[in-house]
Amino acid sequence: MQINVLSAYQTTAEEFFDKITGWKTDLVLDVRLKNTNQLAGFTKQEDLEYFTHVIAHADYAHDVEYSPSKTLLDDYLDHGLPYEDYFAAYEQEMEERGAIPAFFQKYGKYQSVAIVGTATKKRRSHAEELKILLDDHQAHLG
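What this report covers is the structure whose coordinates are included nearby. Being a predicted model, the structure only gives us computed values, none of them experimental.

Okay, the packing of helix α4 (residues 83-97) against helix α6 (residues 126-141) next. The contact between α4 and α6 brings their axes to 10 Å, and the two run at 55°. By the angle between their directions, the pair α4 and α6 is classed as oblique. Relative to α6, α4 is oriented so that their crossing is right-handed. In this structure, α4 contributes Tyr83, Tyr86, Phe87, Tyr90, Glu91 and Met94 to the contact, and α6 contributes His126, Glu129, Leu130 and Leu133. In terms of residue class, the contact of α4 with α6 is made up of seven nonpolar, one polar and two charged.

Strand order in the open sheet formed by four strands is β1-β4-β2-β3, with parallel pairing between adjacent strands. Lying at the two open borders of the sheet, with one neighbouring strand each, are β1 (2-7) and β3 (59-62). Put simply, the sheet's adjacent strands are angled 20° from each other on average, direction ignored. The pairing of strand β2 (residues 27-30) with strand β4 (residues 112-117) spans four bridges and is parallel. For Asp30, the partnering residue across the bridge sits in β4 and is Val116. Strand contacts of helix α1 (residues 13-22): β1, β2 and β4, with the helix running at about 180° to β1, the strand carrying the most contacts. Taken strand by strand, α6 contacts β1 and β4, and its axis lies near 175° from that of β1.

Turning to the side chain of Ser125, a few remarks are in order. Locating Ser125 in the fold gives a position in the loop between β4 and α6. Within the structure, the side chain of Ser125 is placed 3.1 Å from the backbone nitrogen of Ala127, a separation counted as a polar contact. Aside from chain neighbours lying at most four places away, what touches Ser125 is Tyr83, Gly117, Thr118 and Ala119.

Parameters at a glance
Residue positions are given per chain, counted from 1 along the sequence in the order it is written. Totals for whole chains, interfaces and linings use all residues, but because this is a predicted model, local features are given only for residues with pLDDT of at least 70 and pairs of side-chain atoms are given and counted only at 80 or more. Each side-chain value is worked out from all heavy atoms of the structure, with water and hydrogens disregarded. Every angle, taken between N-to-C directions, lies between 0 and 180 degrees, and every axis is a line fitted to C-alpha atoms, over only the stretch in contact when it is a helix. Helix and strand definitions follow DSSP, with helices as H or I runs of at least four residues and strands as E runs of at least two, each counted in order from the N terminus. Note on terminology: angles under 35 degrees are roughly parallel, angles over 145 are roughly antiparallel, angles of 65 to 115 are roughly perpendicular, and the others are oblique. Note on convention: the crossing is left-handed when the near helix lies turned anticlockwise from the far helix by less than a right angle, right-handed when the turn is clockwise. Any two residues whose heavy atoms approach within 4.5 Å at even a single point are treated as in contact. Charged residues are taken to be Asp, Glu, Lys and Arg, nonpolar residues to be Ala, Val, Leu, Ile, Met, Phe, Trp, Tyr, Cys and Pro, and polar residues to be all remaining types, Gly included. Between any two strands, at least two bridges found by DSSP are needed for them to pair. Under this definition, polar contacts are N or O atom pairs within 3.5 Å; protein pairs additionally need one hydrogen-donor-capable and one acceptor-capable atom, and for neighbouring residues in sequence, both atoms have to be side-chain atoms.

This is the structure we're talking about:
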């Protein structure tokens, strides 16, 4: 399985969908905790699902099992939690949920997955770390 990450922020629809189609994505996996407000623009959940089907001919899933808890996200975004601590806590949450092995059970039929996160020029996203965890898990499976 090929896993890629892209951000819903600071990108145009053209750039976003060019990446998805270039990767031959068959699943767009939205792991944003908050994806329904107006600030999400064309990547607002209902719009993104529609555009994914129409433009990329791919499936769409919004799965908060791979999102950080609201408390953890608030600590990172609003209370200055350093990124390294945020990632360590996120990784712990994924482990407690059994989320990484479950990912391959849920989505193992897909060849190319694009994980949608919220990275900006000033901050990283848990989607990037999720990719690392998934790649590590795949490498251990051989």
